[in-house]
Structures are given as C-alpha cells and as structure tokens.
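Here's the letter readout for the chains.
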Amino acid sequence: MEERKFYITTPIYYVNDRPHIGHAYTTIACDIMARFMRIDGAQVKFLTGTDEHGQKVEQSAAKNNTTPQEWADTNSQHFHDLLAALNITNDDFIRTTEERHKQGAQAFWKAIEKNGYIYKDSYSGWYSVRDEAYYQEAELIDGKAPTGADVEWVEEPSYFFKLSAFQDALLEFYEENPAFIAPEGRKNEVLSFVKGGLKDLSVSRTTFKWGIPVPGDEEHVMYVWLDALTNYITALGYPFKTDFWPASIHIVGKDILRFHAVYWPAFLMAAGVELPKRIFAHGWWTNEGQKISKSLGNVIDPFALAEEFGIDQVRYFLMREIPFGNDGDFSREKLIGRVNSELANNIGNLAQRVLSMINKNCGGVLKKNGFHEIDKKLLSFAFVHADKIRNEIVYHQHFSRALELIGQIASRANEYVDATEPWKLKKEDPERMETVLYTLAECLRRIGLLLQPFTPQAADKLLNQLAVAQEQRLFHMIGAGNALKPGTELPAPEGIFPRFEEE
Ligand code: MSP
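Residues numbered from 1 in each chain as written. Predicted model: local features only at pLDDT ≥ 70, side-chain atom pairs only at ≥ 80, totals over all residues. Heavy atoms only, no water.

### Considering a negative patch on the surface
Here's step 1: On the surface, D168, E172, E175 and E176 cluster together into a patch of negative charge.
Here's step 2: Topologically, E176 is positioned in helix α5 (residues 167-176).
Here's step 3: Overall, E176 belongs to the exposed group, its relative accessible area being 55%. (Patch = residues over 30% accessible without salt bridge, like charges linked within 9 Å, V, L, I, M, F, W, Y side chains within 5 Å. Areas by Shrake-Rupley, 256 points an atom, 1.4 Å probe, with all protein chains shown as cover. Salt bridge = Lys/Arg side-chain N within 4 Å of Asp/Glu carboxyl O. Lys, Arg positive; Asp, Glu negative; His and termini not counted. Charge placed at Lys NZ, Arg CZ, Asp CG, Glu CD. Helix = DSSP H or I, 4+ residues; strand = E, 2+ residues; numbered from the N terminus. Buried < 20%, exposed > 50% of the residue type's maximum accessible area, 1.4 Å probe, protein only.)

And the structure:
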C-alpha cells in the first residue's frame, strides 16, 4: 500500500434511515487513514456517499408517505451533514441517483454483458429486503435470514451474473494477494464461502421500479448491490476516467464483506477492470451490552454524541476502544473514562503543565543548553514509536494500537517530568530547567504530529501553541532535523483536552 496515490472509500450508506454510530465508525476510520496518508505525503482521494436505490428505500419512502427521490434527498443530506459534524475530510460524495453514477453503472453492466457473463433466465427463491440479499433455502434459520431479517419468496424473470465462472480465479487471486482481505479471521470465512461453491447471482429485478434500468431492457432494474458497488469507480468517472483506480482500500463492516470480497472482485474481473488492493472488514458495536436496533430504541446518535463530548473525543474513543476488526461495546462510562484518563490526564495535562511552565518560567521562549542522556532517551523513544505507529496505521489499520503507542509517549514524558522536576530547577538550575522544558516541548511536537489524523482539532491547537508552521506538519518531519528552534516564542497556552464532568 505504499504507492503515492491513495484511494480510500467508505461503504455508501442506505438512505432508508438516519445515520447512527455504525456509519460514524466506518467513516471516522476512513478519515483517519486518509488524513494519515496525506501527512505521509500521499496524494489521497477519499470517497463516501449514499446508496439510494432498491426495495428497502422504496418501501421506507412509502411508509413515510413520500417518493423515493424525496426520501433519498432528505436522508442523503443527513449523511452529508454528519461529515461536518465529525470533521471528515472526504474529497467527494457520491449519490447513486446522480447521473454520473447511473451512466457509469450502465456502462459497467454493458462491459460485463459484452464479455459474456450475463444471461437471462428466471429467479425463484428467497430474498431479504432488509439485507437486500438473496438466500438459499438451506441458509435459512427458522424461516429467517441468517442475519435475523425476514425473507420473502420471489419469482420473476431475471438476468444472472455468471458468478460460478469465477470461483477458481477468485481463489487464485486471494492466494496471490494475501493482504487482500483483512483481518485474517474474516479472510478464512470468505475462503470457505468461495470454496463451498459459487452459484450464479440474480442481478436484476422486475417487481419494483426504484433502480437503474438494465441497458436495453427497461422492464428490469439492476440489483441494488451491483448498482451500489460500482460507485467506487463511477465516482472517478468510469468508463471515461479511472484515475486513482484501483482503490488502495475499501473499509467496510463485517456484514458486507462478502459483497466486497467476492461479488465485487468477480464483477470487476468480468468487466475487465483491475481489482482493489485491500478490503478491511471492521466489527460491530453493541450498546451497553445490547445489540443496537431501532426496535430496542437504543440507537446511538453520532450528532448528539459529538455535541456532548466533543468531536475529537468521540473520534478518539471509537478508534481507541476496540482493535479495528473486532466487535466491541459502547458505554458512556467507558467513553468518559478514556476521555478523562487518557486524553485529559495523560496527554492534556502534560501539554498544560509544560506549556504553562514555559510561559511562566521562560518568558514563553524556548531555550536549550545541551542535552543530557535522559533528554535524548525521551526524544528517541518518541522517534522510534512514531515509526511503529506509522506501521500500525499504514499496513495493519490497527488504529487502537497506534493510539496506545501515542499514549505511551505521553506517559513516558510524564515520567520524565516527575524525574526531572523542572519546578525545582527554577531556583536550583534555571539553565537545566530550560533544556528540560525544551525537551518536553519537542516531545509534545512529536505527539501533536502523530495526533493529527485522530484528534485533528486538538492536534492543531497543540501544534499552534508550539508555533509549528502548517507546512512543518508532515510525518517525515518528526525527527530532530525539524525540531523546534531554540529562541522561538510560544503563544499563551490553552487547554487541549478538557476533563468531562458528568452533570
Ligand atoms: N448500502 C450498503 C453498503 C453498500 S457499499 C457499496 C450498506 N449500507 S448500511 O447503511 O446499511 O451500512 C453501512 C455500514 O454501517 C456497514 O459497513 C455496516 O457494517 C455498518 N454498521 C451498521 N451497524 C453497525 C454497528 N452496530 N456497528 C458497526 N458498524 C455497523 O450496507
């Protein structure tokens, strides 16, 4: 994934409903990745958007006494608004009802058809509107989909995609590209699914209208997943332009891995388009131990969360609490615990102490009079950790580990404060105090650089307080070559991570 062009995508979200924490989670993870790659010097394209066709959206529009288009407009706007509420830096937002998408999706269909992978027949079998997925009789559990969703019997004329023709090619591809599916455990699920045999896939519907017409046969609309998956290339301008393709990474939830790691690559092979580099499937959140569902009334509103706790705080918690790829549980108590102990007490307090001592004891000016061994040790600890952090993010998307490592740098710096006792040095050895505070400020600069993707507002504040110029904030500038310059005057300090006090 080390190419200088970096293309990252979120799933496009169904507009049958409002955004919830699951959507926020995927989007924040992508934003962190995108922001990191930007400071790592890559040319980044970050895409998100909304999935607006299909029976589910049609039905929810009807339930709300409106047209599918109006319903899509209203709900797509909510997803769009969420981006600002979470400080997301996407470069584009695609809606599948846009002309650019419809035309691209039809061109993609035609490419597959021209290569001989689409044929007409009829489908009879089970379909789940909630999952927008077909199920085999044998997959059903007590008459429901394995996801617990209701299924209905469907019988209609349908076009089919020759998925069965791609079983060997897919297995070979997974074999040759071991980093294609992550995490490892999920990869095995996909492998056994494909090894179990692939049946041809119904890719058109005739019993409702809300979709992209099949080129040349307007009685049919395209299956919503074929329509939706092509967004990743239609947003780039397919079939005319595909700059940035292949995607460096598609980040998705575990529930939709099969669509991305099996169907999507097969469609692309059929159309003669290159395959994405990597699919990462993250886990699911529960709320205080319970499955999140509208019927239980425990859906977590990401707007309200960011409003109450702060954008950076929510971003931090979601990325820190569970290793990316695992399931995890949300609770207010855990969120407040991490905000207070890890952000406020560890990092925030360090910044506050150091910057106010520089302000009070050094007239706000950085001074340095020769390093002791302990100073060099602290700075090299931060330097070596920075590389580990980069690896965790770039190669493993292990965001929680990256944050844990950033926290370790701050803990180390706090221990250094306790060991050097700069407040005592004020009288005993003011020159030594200056160097100690300089060392800490330089360590904070490194922490600030590393925090940028995760908590962009606080990182910006911290780097401003250290008078680090905007163009001095790239990852490769973490080392001594770009260290803070003695003689630099720092602005008045202000807190970066306030404590959260429950009312
Ligand atoms: N429209 C499809 C994706 C098409 S991509 C070509 C879709 N949309 S969705 O709105 O239902 O879900 C989007 C994402 O939200 C999925 O990645 C899903 O895993 C994620 N989540 C939904 N609930 C979640 C949790 N409770 N926890 C974490 N993520 C969850 O699927």
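### Structural notes on the pairing of strand β7 (residues 152-161)
Here's step 1: Looking at chain direction, strand β5 (residues 118-128) and β7 are connected through 10 bridges and run antiparallel. By the bridge assignment for β7, G125 is matched with V154.
Here's step 2: Inspection of the sheet shows β7 paired to strand β9 (residues 201-202) by two bridges, in the antiparallel sense. Paired with F161 across the two strands is L201, which belongs to β9. (Pairing = 2+ DSSP bridges.)

### Here we look at the side chain of T96
Here's step 1: Structurally, T96 can be placed in the loop between β4 (92-95) and α4 (99-114).
Here's step 2: On the accessibility criterion, T96 (0% relative accessible area) is buried.
Here's step 3: In terms of polar contacts, T96 uses its side chain to reach the backbone amide nitrogen of E52, at 2.8 Å.
Here's step 4: When neighbours within four sequence positions are excluded, T96 is seen to be in contact with I12, T50, D51, E52, H53, H101, K102, I212 and D227. (Polar contact = N/O pair within 3.5 Å; in protein donor to acceptor, adjacent residues only side chain to side chain. Contact = heavy atoms within 4.5 Å.)

### Description of the packing of helix α10 (residues 302-309) against helix α11 (residues 311-321)
Here's step 1: Running from N to C, α10 and α11 point in directions that differ by 115°, and their axes come no closer than 6 Å. Taken together, the axis directions place α10 and α11 in an arrangement best described as roughly perpendicular. Packed against α10, whose contacting residues are L305, A306 and F309, the element α11 presents I311, Q313 and V314 at the interface.
Here's step 2: The residue inventory of the contact of α10 with α11, partitioned by class, reads five nonpolar, one polar and no charged. (Axes fitted to C-alpha atoms, helices over the stretch in contact; angles between N-to-C directions. Parallel < 35°, antiparallel > 145°, perpendicular 65-115°, else oblique. Nonpolar A, V, L, I, M, F, W, Y, C, P; charged D, E, K, R; others polar.)

### A short note on the domain arrangement of the chain
Here's step 1: Each domain of the chain was delimited in the assignment, giving domain 1 (5-283) and domain 2 (332-482).
Here's step 2: Tallying the contact residues gives 13 residues for domain 1 and 16 residues for domain 2.
Here's step 3: The largest contributions to the domain 1 side of the interface with domain 2 come from I32, F36 and I39, which together make up 46% of the buried area.
Here's step 4: The tally of links between domain 1 and domain 2 comes to one salt bridge.
Here's step 5: Across the pair D40 and R390 runs a salt bridge, and its minimum N-O distance is 2.8 Å.
Here's step 6: Joining domain 1 to domain 2, the criterion identifies four residue pairs in polar contact (both at pLDDT 80 or more).
Here's step 7: It is helix α1 (residues 21-39) that provides the largest number of residues to the side of domain 1 that touches domain 2, a total of eight residues. (Domains from an automatic or database assignment. Buried area = accessible area lost by both parts, 1.4 Å probe.)

### Thoughts on the sheet that holds β5
Here's step 1: In space, the four strands of this open sheet follow the order β6-β5-β7-β9, with antiparallel pairing throughout. Here the strands that pair on one side only, and so sit at the sheet edges, are β6 (133-135) and β9.

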